Amino acid sequence: MLSTLLASDVVAPFSSPKIDYHALAPELVLAGVIVAVLLADLFLEESKKWVLSTIAGFGLLAAFIPIVTLAVSGHRARSMFGGAYVVDTYSLLVKGIFLLAGYVVVLLSQNYLEEGDYYQGEYYFLLLSSILGMVMMGSSRDLVTIFVSLEFLSIPAYMLAAWRKRDLKSNEAGTKYYLLGVFASAVMLYGMSLLYGDTGTTILKGIGAKLQNGSMSPVAVLGIVFVIIGFAFKVSAVPFHNWAPDTYQGAPTPITAFLSVASKAAGFVALINLIYVAFPHGGDVFQPMIGVMAASTMTLGNVMALRQTNIVRMLAYSSISQGGFILMPLAVAGGKSSGNALTAIVTYLAVYAATNLGLFAVIIAVSRKTRSGEVSSWGGLFSYAPLLGVLATAFLASLAGIPPLGGWVAKFGAFRAVITSGTNWGYALAIVGAVNSVIAFGYYGSLMREIWMKPVPDGDTAPIRTPSSLNAALMICGGATLALGVVPGIILRFSDIIKL
Amino acid sequence: MLISEFLLLGAVLFCIGVYGVIVRKNAVLVLMSIELILNSVNINLLAFSLKYNDISGQTFALYIIAVAAAEVGVGLALVLLIYRNKRNISLDELSEMKG
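Residues numbered from 1 in each chain as written. Chains lettered and ligands numbered in written order. Predicted model: local features only at pLDDT ≥ 70, side-chain atom pairs only at ≥ 80, totals over all residues.

Each helix and strand counted, chain A has 21 helices and 2 strands in total. On C-alpha atoms alone, chain A measures out to a radius of gyration of 22 Å, which is about the 23 Å that the 2.2 N^0.38 rule sets for 500 residues. For chain A, the spread of C-alpha atoms along the three principal axes comes to 80 × 60 × 45 Å. Within chain A, the fraction of its 500 residues that count as buried is 60%. Taking the contacts inside chain A whose residues are at least 6 apart along the sequence as the reference set, 80% of them involve residues at least 24 apart. (Helix = DSSP H or I, 4+ residues; strand = E, 2+ residues; numbered from the N terminus. Rg over C-alpha atoms; globule rule 2.2 N^0.38 Å. Buried ≥ 20, exposed ≤ 12 C-beta atoms within 10 Å, placed from the backbone. Contact = placed C-beta atoms within 7 Å.)

Encoded structure:
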């Protein structure tokens, strides 16, 4: 107690917690790079600001090095701060995904920012801060740490969404994202306070030991429901998805890519941490809730995507519906297919990150020429930009789940997880998912038809020039999408490693 | 200990806050409603922390206060941005994008 502590004469001597610097190295490197970007921005002339994106990109790769060294130094979980911060194989894997996705977003941003004449120093500073929050989220095993990481990754993202200061659409995107995001985290906090009230601890493991199916108090049930609602906003699950299409359409395109991939993945990582560590015996409460959300998210996202004419908005709804597929395995977590579900979600996050970032790279490249976001502006893309046309088709096919591209491994894992659960509930979800995979092909296919069969609008067949950073991003994403699909063993091996 | 009274106050504040977020159309008033929810969380945490004689609830409340301040800073900046471009902070009129 603070009051009694202050009043007593004998105060226990403060002993600093033991810190494992090797385990914290990725976060420390990132923090150093963030400071370096801010300082360099202060001293660089306007014409030299491009150096900042180089620092940010190499910084993210530098932060990746300690992740590799940690991964090869053994599979022992390193727990710090009384179990509030745990570095294990699962957290290393998701940290790796976040850092690589962040690197691709830096590549996408480079020319967009230079040509748009936006504030570069602040942009990379905020982007890196948000990525640091995500990296921290991977290791958070305590309510306080989860809350701090969530805000750390969200607050910079609110500002990035509103980055084009004089564009009303961008303002609207940022404001909607902000208001709903803050409201969601307030509701989530109320749920966390109830969980703390029921169990008397903020450490997830301690909460998990106290919450048991059948003997849960109403307070704990309400706590779980509120916490899951809070994160449902973050992953834009129906019925908490209203902000997503407007925010994705209004934000700068590289930031849309960032939000729809990395920020969404961070929400799922937080849900995994909570469900697998804090509520493993609370399936009676969260399974029906997440199951209904998954089914309605897939369906509504797909149906709305079918009638969009703006590509970014269509991808916003497509990303909502993909979120439903990622939620699907979570609905059977806690049962006998828990392990399968965890592998399925992490696989899906990795594949989805590579594919969706790649598709956004194509969008940015094409809109450099067409200056338009309409689906019809993609007409005849293959005839004048064959490489972009093929890549876009590959990414769309991967999102639709067609072998041999990455998407099918992800979808296969998700379906396997729900079917091996052996419950009627799981079978029902699998059927809804299967129907939705077919519906999704409707709009992915219509984009492909534009690329291959439609005539070029205005007959303008000048080739598209892509800067080298964009080419690098396309290469990384295309290579990853293909590799994950052709050699699924890379990812399926993870299932032996990741355990929570 | 008056735990239940504290919790009741927290619950009432939470409901007022949620009502405000849903009903109010002025961006600043929505921000204030969100602050009400955050403070109801703080009251809850302090009450539970007293009940369990455990300090982690109070630390949690301190973190919430600090982060809430940062959030409101960003929120007011966004509201100011909209005011500069539109001379108006009504959330109803933020409807550039449809569908």
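From this point, the discussion proceeds with the structure in view.
Turning to the interface of chain A and chain B, a few remarks are in order. Taken together, the contact pairs 36 residues of chain A with 36 residues of chain B. Elements with a minimum of two residues in the side of chain A that touches chain B: helix 6 (143-161), helix 7 (168-199) and helix 10 (243-250) of chain A. Along the lines of polarity and charge, the residues of the side of chain A that touches chain B split into 19 nonpolar, 10 polar and 7 charged. (Nonpolar A, V, L, I, M, F, W, Y, C, P; charged D, E, K, R; others polar.)

The end-to-end C-alpha separation of helix 6 of chain A is 27 Å, in line with the 27 Å expected for 19 residues at 1.5 Å each. When you tally the buried positions in helix 6 of chain A, you get 19 out of 19 residues, the bulk of the element. (Expected span 1.5 Å × (residues − 1).)

This part is about the nonpolar core. All names here are of chain A. Of all hydrophobic cores here, the largest spans 220 residues; its most connected members are Leu-108, Leu-128, Ala-161, Ile-345, Leu-349 and Ala-361. Looking at this core element by element, the count peaks at 21 residues for helix 14 (residues 338-370). The residues contacting Ala-361, other than those within four sequence positions of it, are Leu-108, Leu-470, Ala-473, Leu-474 and Cys-477. (Core = buried A, V, L, I, M, F, W, Y, C linked by C-beta atoms within 7 Å.)

With that out of the way, let us pick up the environment of Val-277 of chain A. Residues and elements named next belong to chain A. Within the secondary structure, Val-277 sits in helix 11 (residues 253-278). With 20 C-beta atoms packed within 10 Å, Val-277 lands in the buried category. On a C-alpha basis, the gap between Val-277 and Leu-405 in space is 32 Å, while along the polypeptide they are 128 residues apart.

None of the figures reported here should be taken as evidence of function without further support.
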